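Observations on the three-dimensional arrangement
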Amino acid sequence: MKARVKWVEQTLMVGESGSGHAVVMDGPPDFGGRNLGVRPMEMLLLGLGGCTQFDVVHILRKGRNQVTLCEVELEAERAETDPKVFTKIHVHFRLAGPGLTEKAVERAVKLSAEKYCSASIMLGQVVEISHDFELVAE
């Protein structure tokens, strides 16, 4: 896997993935940014959310569960001093689907967190990550 980040100006960057997709990242205004894109640490958090969501939906569908909604809300705490690393991350899933059970969702979230989600497992080596979920009406 490869990626490239190209500096544009001030704190503005364009990240390009090996699969040919691009994303704009920018720093906060107090560091010279213009708020034109996500912050790099936000991107890291979004990557975790996307990785685990992919797994959970895949696991549920593979188990013949119908998923009509899957949202992942992430909340992270960071150290107060440099380097301002993540110290805690909470991952909350909101899911819906006809016949979707708590047992199936709990299993999928656990498998993602402990076996399949590369981002969760890698970050979990240095950050306390917690998970929960709720089933919501469609």
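Look a little higher up for the structure.
What comes next concerns the included structure. All values reported here derive from a predicted model rather than from experimental measurement.

This paragraph deals with the nonpolar core. A general tendency of soluble globular proteins is for nonpolar side chains to be buried together. Leu-48, Val-56, Leu-60, Ile-89, Phe-93 and Leu-95 are the most contacted members of the largest nonpolar core, which totals 23 residues. Elements supplying a minimum of two residues to this core: helix H1 (40-62), strand E4 (69-78), strand E5 (86-96), helix H2 (102-116) and helix H3 (118-123). Among the elements that make up this core, the one with the highest residue count is H1 (six residues). Not counting chain neighbours up to four residues away, the residues in contact with Ile-89 comprise Leu-45, Leu-48, Leu-74, Glu-75, Ala-76, Leu-123, Val-127, Glu-128, Ile-129 and Ser-130.

Relative to the 33 Å expected for 23 residues at 1.5 Å per residue, H1 spans 33 Å between its end C-alpha atoms, a close match to the ideal helical length. Residues of H1 that are buried: Leu-45, Leu-48, Gly-49, Thr-52, Asp-55, Val-56, Val-57, Ile-59 and Leu-60. The inward-facing, buried residues of H1 abut E4, E5, H2 and H3. Of the residues one or two after H1, Arg-64 is the one with positive phi, at around 65 degrees.

Along the chain, the position of Asp-55 falls in helix H1. Although Asp-55 lies buried, it forms no salt bridge, and the closest oppositely charged side chain, Lys-62, sits 11 Å away as judged by the N-O distance. The residues contacting Asp-55, other than those within four sequence positions of it, are Ser-112, Tyr-116 and Cys-117.

The subject of this paragraph is unusual backbone geometry. For the bond running from Asp-82 to Pro-83, omega is -5 degrees, close enough to zero to count as cis. Counting through the fold element by element, Pro-83 comes out in the loop between E4 and E5. The phi dihedral of Gln-10 falls on the positive side, at around 40 degrees, and the residue is not glycine. Counting through the fold element by element, Gln-10 comes out in the loop between strand E1 (3-9) and strand E2 (12-17). With relative accessibility at 54%, the residue Gln-10 sits in the exposed group. Notably, Asn-35 is not glycine yet its phi reads approximately 60 degrees, a positive angle.

Thresholds, definitions, all that
- Residues numbered from 1 in each chain as written.
- Predicted model: local features only at pLDDT ≥ 70, side-chain atom pairs only at ≥ 80, totals over all residues.
- Heavy atoms only, no water.
- Core = buried A, V, L, I, M, F, W, Y, C linked by side-chain atoms within 4.5 Å.
- Buried < 20%, exposed > 50% of the residue type's maximum accessible area, 1.4 Å probe, protein only.
- Helix = DSSP H or I, 4+ residues; strand = E, 2+ residues; numbered from the N terminus.
- Contact = heavy atoms within 4.5 Å.
- Expected span 1.5 Å × (residues − 1).
- Lys, Arg positive; Asp, Glu negative; His and termini not counted.
- Salt bridge = Lys/Arg side-chain N within 4 Å of Asp/Glu carboxyl O.

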